[in-house]
Amino acid sequence: QVQLVESGGGLVQAGGSLRLSCAASGHTFSGYMMGWFRQAPGKEREFVAAIHWNTYYADSVKGRFTISGDDAKNTVYLQMNSLKPEDTAFYYCAADPPPFGSPILAAQYGYWGQGTQVTVSS
């Protein structure tokens, strides 16, 4: 049973930083495509970043967010810098087992965490 648990969300001022963590159990995350998505109130869930050997980023976060993984801890991170109010959303971690589909499509991911709230004040 694959389980994903996110942590690290919170309230931060614009320009600040947060680091989200996604602890995986039930599988070795390095064999999966791991992704971060976010959903703001009234909006659809959108791709943020993904990692499996290569990294992938949404244009809106490129240069500000960094996705990385720690094999020893079976954990994926999302370092978020220069945060903007428009980054406010519920952030979800997701896992896509092989064979992989497009890393930016939420429908490709079979496993999801419960999410963590990120709020950026202006």
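Everything below is about the structure printed above this text.
Let us look at the state of the cysteines. One pass over the structure, following the stated rule, counts 1 disulfide. Between the sulfur atoms of C22 and its disulfide mate C93 the distance is 2.0 Å. Note on the C22 and C93 pair: the S-S dihedral is about -75°, so by sign convention the disulfide is left-handed. Separated by 71 residues along the polypeptide, C22 in strand β3 (residues 18-25) and C93 in strand β9 (residues 89-96) bring together distant segments of the chain. Here C93 falls in the buried class, since its relative accessible area comes to 0%.

This part is about the packing of aromatic side chains. Going through the model one piece at a time under the given rule, you end up with 6 aromatic pairs. Taking 5.7 Å as the distance between ring centres and 70° as the angle between the ring planes, the aromatic pair formed by F37 and F47 counts as edge-to-face. Pair noted here: F37 is in strand β4 (residues 33-39) and F47 is in strand β5 (residues 46-52), with a separation of 10 residues, a long-range link. Of the two residues, F37 and F47, both sit in the buried class. By way of ring pairs, the aromatic residues F37, F47, F90, Y92, Y109 and W112 are connected into one cluster. For R45, the ring lying beneath its charged end belongs to Y92, and the centroid distance is 3.9 Å. Over the face of the ring belonging to W112 we find R45, whose NZ or CZ atom lies 4.7 Å from the ring centre.

Next up on the list: the side chain of R64. In this fold, R64 is placed in the loop between β6 (54-57) and β7 (65-70). Within the structure, the side chain of R64 is placed 2.7 Å from the side chain of D87, a separation counted as a polar contact. If sequence neighbours within four positions are ignored, R64 has contacts with Q79, M80, N81, S82, L83, K84 and D87.

Right, let's talk about unusual backbone geometry for a bit. A cis amide bond links P98 to the next residue, P99, at an omega of 0°. Looking at where P99 falls in the secondary structure, it is placed in the loop between β9 and β10 (111-112). You will see that W53, though not glycine, has its phi angle at about 65°, which is positive. One can find W53 in the loop between β5 and β6. Classification of W53 as exposed rests on a relative accessible area of 81%. With a phi close to 50°, N74 is a non-glycine residue in the positive phi region. Considering the arrangement of structural elements, one finds N74 in the loop between β7 and β8 (75-80).

The rules behind these values
Residues numbered from 1 in each chain as written. Predicted model: local features only at pLDDT ≥ 70, side-chain atom pairs only at ≥ 80, totals over all residues. Heavy atoms only, no water. Disulfide = S-S within 2.5 Å. Helix = DSSP H or I, 4+ residues; strand = E, 2+ residues; numbered from the N terminus. Buried < 20%, exposed > 50% of the residue type's maximum accessible area, 1.4 Å probe, protein only. Phe/Tyr/Trp six-rings, centres within 6.5 Å; stacked < 30°, edge-to-face > 60°. Lys NZ or Arg CZ within 6 Å of the ring centre and 35° of its normal. Polar contact = N/O pair within 3.5 Å; in protein donor to acceptor, adjacent residues only side chain to side chain. Contact = heavy atoms within 4.5 Å.

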